[in-house]
Every structure is written in C-alpha cells, then in structure tokens.
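# Reading the structure
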Amino acid sequence: MATYHVTTFGCQMNEHDSERMKGMLESLGYEEAPARPDADLILFNTCSIREKADERFIAHLQEARAIKRRRADVVVGVGGCWAQSVKDEVFRQFPFVDVAFGPGQVHKLAEFLTSDSITAQGFFEFEGFTGHLPEKRTREFQAWLQISVGCNCVCAYCIVPSTRGREVSRPAGELVAEVERMAADGVREVTLLGQNVNSYGRDLPRDERVTFAQLLARVDAVEGIERIRYTSPHPKDIREDVARAHAELAAVCEHVHLPLQSGSSPILRAMRRTYDRDRYLGKVALIREHVPDCALTTDVIVGFPGETEDDFRQTLDVVDQVGFDGAFTFLYSPRRGTEAAELPGQVPHEVKVERLQRLVDVVQERARERAQRFVGRRLDVLVEGPSRTDAARLRGRTRHNKVVNFTGLAAPGEIVPVQIAAATSQTLSGEESLVARAAAA
Ligand code: SAH
Ligand code: SF4
Ligand code: F3S
C-alpha cells in the first residue's frame with residue numbers, strides 16, 4: 001500500500017485542511033507513514049504569514065530533497081499559503097517538487113495522484129472548500145468546521161487575502177448537517193473556522209442568509225455538541241448578538257480571541273483595521289457586559305512601519321487596561337505583495353525586538369494575574385491526553401481555553417470537574433474531583 005506523510009505549518013485553517021488532505025488520501029487507499037523518510041508521498045501544508053514561517057519550511061523541504069535523492073520515486077507535494085504565494089516559481093526554485101497547490105485546490109491533489117502525468121503540476125485557482133473533502137481527525141472528540149474561506153479585509157501587513165482569495169461562506173444547512181454527522185461520530189467540541197467569522201453569511205443568497213450568531217445557535221442545538229469555539233472574529237464585526245450568544249447558548253465557550261494588532265489609533269488606521277483604540281475597547285466592554293468572566297486573548301504586532309515609541313506605549317496601555325488571558329505577539333514581518341512592505345518608516349529589527357520583550361512582560365504579568373481567578377474553583381475540563389511535562393498526569397482544557405495539567409482517572413474525550421489549585425500565566429493545575437464524578441455517575 002502507498003504511504004503518505006503530511007507536515008503542517010501555520011494556523012488552524014491549515015490544520016483543518018491537513019485533516020482533509022489525509023482523509024482524501026486515505027479514501028484513495030493511502031496509509032499514513034510514521035515518519036517522513038518512510039513515505040511514498042511527502043506533503044507539506046505551508047504558511048507564509050511571516051518570514052520565519054517561510055524559513056522554517058524551506059529547511060524541511062531540503063530534507064525532502066535529500067530523501068528523494070535516495071529514492072527517486074518519492075512524490076513531493078507542496079500545498080497551502082506559501083505555495084499559493086509563489087505559485088509556479090516553486091518548480092523553478094525547487095525542481096524536485098512534483099505537485100504544488102493552493103488552499104483552494106486541495107482536491108486537485110487527488111486528480112494529480114490518479115493521473116499518469118509525470119511532469120510537475122501546479123493548481124492555484126480559488127475554488128471549492130477543503131471542508132467538502134473526507135476528514136481524518138487528530139482527536140476523535142474535537143473537530144474543525146470550515147464555515148468560510150478567504151478574506152475581504154485589506155489589512156496592510158497581511159498576505160492572507162492573496163493566498164486564500166475572496167471570502168466565500170458555506171451554506172448554513174450544509175454546515176449543520178456536517179456538525180450532526182460529527183456529533184454522531186463522537187465529536188463533543190467543534191471549532192468554527194474562518195478568517196473573519198463574524199462576516200459569515202453576508203455573501204450567501206438573500207433567502208439563505210444566516211448571521212454568524214444564528215449559525216452559532218444552530219450548531220448549539222445539535223445534540224452531543226458540548227463545546228463551541230470559533231476563530232477569528234474581526235473586532236469591527238463583533239456585535240451584541242454574538243456577545244449574547246456567549247451568554248445564552250450553553251455550548252458556546254466563555255472565550256473570545258479578539259485580535260488587537262495595535263493599541264495606537266494612527267497605526268490601526270495605517271494597518272487598515274477599520275477600528276480605533278476606543279472602538280476596540282468598546283467591543284471588549286460589550287463582551288464583558290454579557291459575559292463578565294469571559295477569557296479574552298489577542299494577537300499583537302510590534303514594529304509596524306511608522307510605529308513610534310509613543311504608538312507602542314499606546315499598545316502597552318491597551319494590553320494593560322484590557323488584561324488579556326493570553327496573547328500571541330509578533331514582530332512585524334514585511335510580506336511580498338502587501339501594502340505595508342512598501343511603506344516608509346520600517347522599524348529597525350533591534351527596536352522591534354526590544355518592544356516585543358516589553359510587551360511580552362506586560363502580557364505575562366496580566367495573564368498570570370487573570371489566571372488567579374480560577375484558583376479554588378472547580379472547572380469542567382475536556383481531557384485531551386497525558387500531560388506533556390508529566391506522563392503520570394492528564395492534560396485538558398477548560399471552557400475558557402485554559403490548559404490544565406491535573407491528576408485524575410479520566411480518559412481522553414471525557415469532560416470532568418477539576419479542582420484548580422494553582423495557576424501560572426500559561427497553565428492551571430489541579431486534581432480531578434472524584435467526589436463530583438461519583439455523584440454525577
Ligand atoms: N484572519 C485572522 C488571522 C490572521 S493571521 C485574523 O485576522 O485574526 C494571524 C496573526 O498573524 C494576525 O492576527 C497578526 O497578528 C499576525 N500577522 C499577520 N501578518 C503579519 C505580518 N506581516 N507580520 C507579523 N505578524 C503578522
Ligand atoms: Fe489578514 Fe486582516 Fe484578513 Fe485577518 S482580517 S486574514 S489579518 S487581512
Ligand atoms: Fe494560515 Fe499561514 Fe495561510 S496563518 S491562512 S496558513 S499564511
């Protein structure tokens with residue numbers, strides 16, 4: 001039997017797409033190889049969001065070349081955002097690549113593998129949803145749901161609109177049917193995916209139009225789905241109906257990932273984020289009004305072109321005021337074809353690094369403080385497997401999306417009460433409450 005190996009880079013959308021790639025390959029009769037050197041088909045699902053992402057991937061690709069030198073019949077395939085952003089250049093730069101395809105063309109991989117063609121092929125149209133392909137889930141009780149592809153925003157720093165195309169939503173009926181199938185198959189937690197989930201549905205025909213909040217309600221109504229998450233919302237599009245969904249729908253978790261990017265209004269304008277500092281703070285207040293205990297996480301970029309020390313202090317100030325439960329922090333990285341890459345006032349690398357360090361300090365301090373509110377509480381934890389630091393313990397997540405390491409007897413996929421004893425900025429720790437477990441049984 002032919003075997004495959006997939007390496008995934010980038011965001012959750014890519015993780016989703018890789019699960020679909022695997023599902024499609026297995027339906028073609030391929031079997032997953034334990035390691036890259038054992039595979040007949042070596043695949044990469046790539047990301048190009050920052051320069052670092054490109055560099056990491058190129059190193060892996062060189063390894064594939066070495067394998068192919070030893071075994072000439074190995075097929076090397078490159079999919080995802082990096083592939084899309086360099087298109088046919090892939091074959092010029094890396095002549096050992098056999099097939100390259102963008103995020104909208106994963107299904108063409110099947111066509112390539114079943115054709116007799118031995119020449120390199122590239123597929124880069126935006127068509128179809130990877131969500132239509134069969135899936136192979138990493139964990140049987142957690143699933144991704146691709147509600148839309150593409151992005152109609154024009155954030156000046158971002159390569160995604162050019163790698164994923166214009167936004168297209170999947171019809172709600174199709175999504176609900178998919179969630180019902182997943183639930184019947186043992187899924188308890190579903191994460192809705194889109195580049196801007198809040199604009200979901202706006203492109204659907206009028207008589208099929210469903211808002212994001214309505215979609216949440218329809219997924220919430222599916223029997224067996226106990227947790228609903230989504231990523232990412234755009235702050236400009238978060239409205240009261242979504243904030244209320246968190247309060248009113250039992251399965252929608254108490255966590256919102258709300259990308260800030262910058263706390264300075266002039267920089268937000270230059271980024272073309274279409275909200276300013278006050279409007280962002282207003283959205284935070286709206287969420288907290290409806291769900292006071294909601295966990296909030298964010299993304300922040302430091303060193304966008306033209307960012308002054310004063311602009312950066314505005315970012316620190318917003319981060320301090322909001323008190324995020326966690327944040328992904330990035331050095332601004334100029335991306336090919338984006339508006340910001342051509343802007344004057346590129347910030348020197350050392351200045352970016354210094355600002356990032358100061359930002360991380362504030363993020364961690366506030367996250368550590370915020371996490372203390374969980375100490376002494378008994379929280380429901382969805383068990384994911386053994387703890388990464390101590391195999392004798394378990395690891396799982398709370399509804400607030402906090403990782404918990406704990407002692408207990410539960411199996412992966414179970415939701416169990418855990419008594420929280422301690423908290424750091426990143427993780428909680430505790431003990432499964434066996435009394436509560438016995439009472440519930
Ligand atoms: N569509 C999502 C995710 C975008 S990519 C959203 O809008 O939230 C994830 C994060 O990467 C972004 O939120 C941003 O913080 C960061 N990012 C994107 N482009 C970047 C760049 N050129 N340099 C540094 N960080 C970037
Ligand atoms: Fe990129 Fe902005 Fe679209 Fe997110 S909303 S994918 S940051 S262009
Ligand atoms: Fe995701 Fe990277 Fe593409 S973050 S959308 S895989 S550029």
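Being a predicted model, the structure only gives us computed values, none of them experimental. (Residues numbered from 1 in each chain as written. Chains lettered and ligands numbered in written order. Predicted model: local features only at pLDDT ≥ 70, side-chain atom pairs only at ≥ 80, totals over all residues. Heavy atoms only, no water.)

### Quick look at the site of ligand 1
Contacts to ligand 1 come from 14 residues, most closely from Y157, Q195, Q261, D299 and S333. In this structure, R50 approaches ligand 1 through a side-chain N or O atom, which is 3.1 Å from an oxygen atom. Note that an oxygen atom of ligand 1 is positioned 3.4 Å from one of the side-chain N or O atoms of S232. Protein chains shield 88% of the accessible area of ligand 1, which is 540 Å² for the free molecule. Where the shell around ligand 1 is concerned, the elements lending two or more residues are β13 (295-302) and β14 (326-331). Looking at the shell around ligand 1 residue by residue, the classes come out as seven nonpolar, four polar and three charged. (Near = heavy atom within 4 Å. Polar contact = N/O pair within 3.5 Å; in protein donor to acceptor, adjacent residues only side chain to side chain. Areas by Shrake-Rupley, 256 points an atom, 1.4 Å probe, with all protein chains shown as cover. Helix = DSSP H or I, 4+ residues; strand = E, 2+ residues; numbered from the N terminus. Nonpolar A, V, L, I, M, F, W, Y, C, P; charged D, E, K, R; others polar.)

### Section: the domain arrangement of the chain
Annotation of the chain at the domain level lists domain 1 (3-123), domain 2 (137-253) and domain 3 (375-440). The C-alpha centroid of domain 3 is placed 37 Å from the C-alpha centroid of domain 1. (Domains from an automatic or database assignment.)

### Some remarks on helix α9 (residues 240-248)
Every buried residue belonging to α9 is among V242, A243, A245 and H246, and all of these are buried. Buried residues of α9 fall within an arc of 150° about the axis and therefore sit on the same side. Close packing links the buried residues of α9 with α8 (212-220), β11 (227-231), β12 (255-257) and α11 (277-290). (Buried < 20%, exposed > 50% of the residue type's maximum accessible area, 1.4 Å probe, protein only. Arc of directions from axis to C-beta. Contact = heavy atoms within 4.5 Å.)

### Regarding the sheet that holds strand β19 (residues 427-432)
What the five strands build is a closed barrel, ordered β15-β16-β17-β19-β18; its pairing is mixed. Pairs of neighbouring strands in the sheet enclose a mean axial angle of 50°, with direction left out of account. Taken together, the five bridges between strand β15 (residues 378-386) and strand β16 (residues 394-398) define a ladder with antiparallel strand orientation. Across the sheet, the residue bridging to V381 is T398, located in β16. (Pairing = 2+ DSSP bridges. Axes fitted to C-alpha atoms, helices over the stretch in contact; angles between N-to-C directions.)

### Side note on the pattern of salt bridges
Tallied over the entire structure, the rule returns 39 salt bridges. Its salt-bridge partner being R358, residue E354 comes within 3.3 Å of it at the nearest N-O pair. Within this pair, E354 and its partner R358 are both found in helix α13 (residues 349-371), separated by four residues, close to a single helical turn. Salt bridges sharing common partners tie together R20, E135, R137, R170, E174, E178 and D185. (Salt bridge = Lys/Arg side-chain N within 4 Å of Asp/Glu carboxyl O.)

### Regarding helix α1 (residues 12-27)
Relative to the 22 Å expected for 16 residues at 1.5 Å per residue, α1 spans 23 Å between its end C-alpha atoms, a close match to the ideal helical length. Along α1, 12 of the 16 residues are buried, which leaves the element largely enclosed by surrounding structure. Among all positions of α1, only M13, N14, H16, D17, S18, E19, R20, M21, K22, G23, M24 and L25 are buried. A positive phi of about 100° marks G29, the residue just after α1. (Expected span 1.5 Å × (residues − 1).)

### Some words on the sheet that holds strand β5 (residues 99-101)
Here six strands make up an open sheet; going across it, the order is β2-β1-β3-β4-β5-β6 and the pairing parallel. This sheet does not close on itself; its edge strands, each paired only once, are β2 (31-32) and β6 (121-123). Here three bridges tie strand β4 (residues 75-80) to β5, and the two strands are oriented parallel to one another. When the sheet's bridge partners are listed, G79 is paired in β5 with F101.

### A few points about the packing of α9 against α11
Two numbers describe how α9 lies on α11: the axes approach to 8 Å, and their chain directions differ by 30°. Here α9 runs over α11; the crossing is right-handed. Contact residues: α9 offers E240, A243, R244 and A247, while α11 offers L286, I287 and H290. Its residues assigned to classes, the contact of α9 with α11 shows four nonpolar, one polar and two charged. (Left-handed = near helix turned anticlockwise from the far one by under 90°.)

### Here's the deal with the packing of α11 against helix α12 (residues 309-322)
Between α11 and α12, the least distance of the axes is 12 Å, while the angle of their chain directions is 10°. Here α11 lies roughly parallel to α12, going by the angle between them. On α12, the residues that touch R277, Y280, L281, V284 and R288 of α11 are Q314, D317, V318, Q321 and V322. For the contact of α11 with α12, the residue count by class is five nonpolar, two polar and three charged. (Parallel < 35°, antiparallel > 145°, perpendicular 65-115°, else oblique.)

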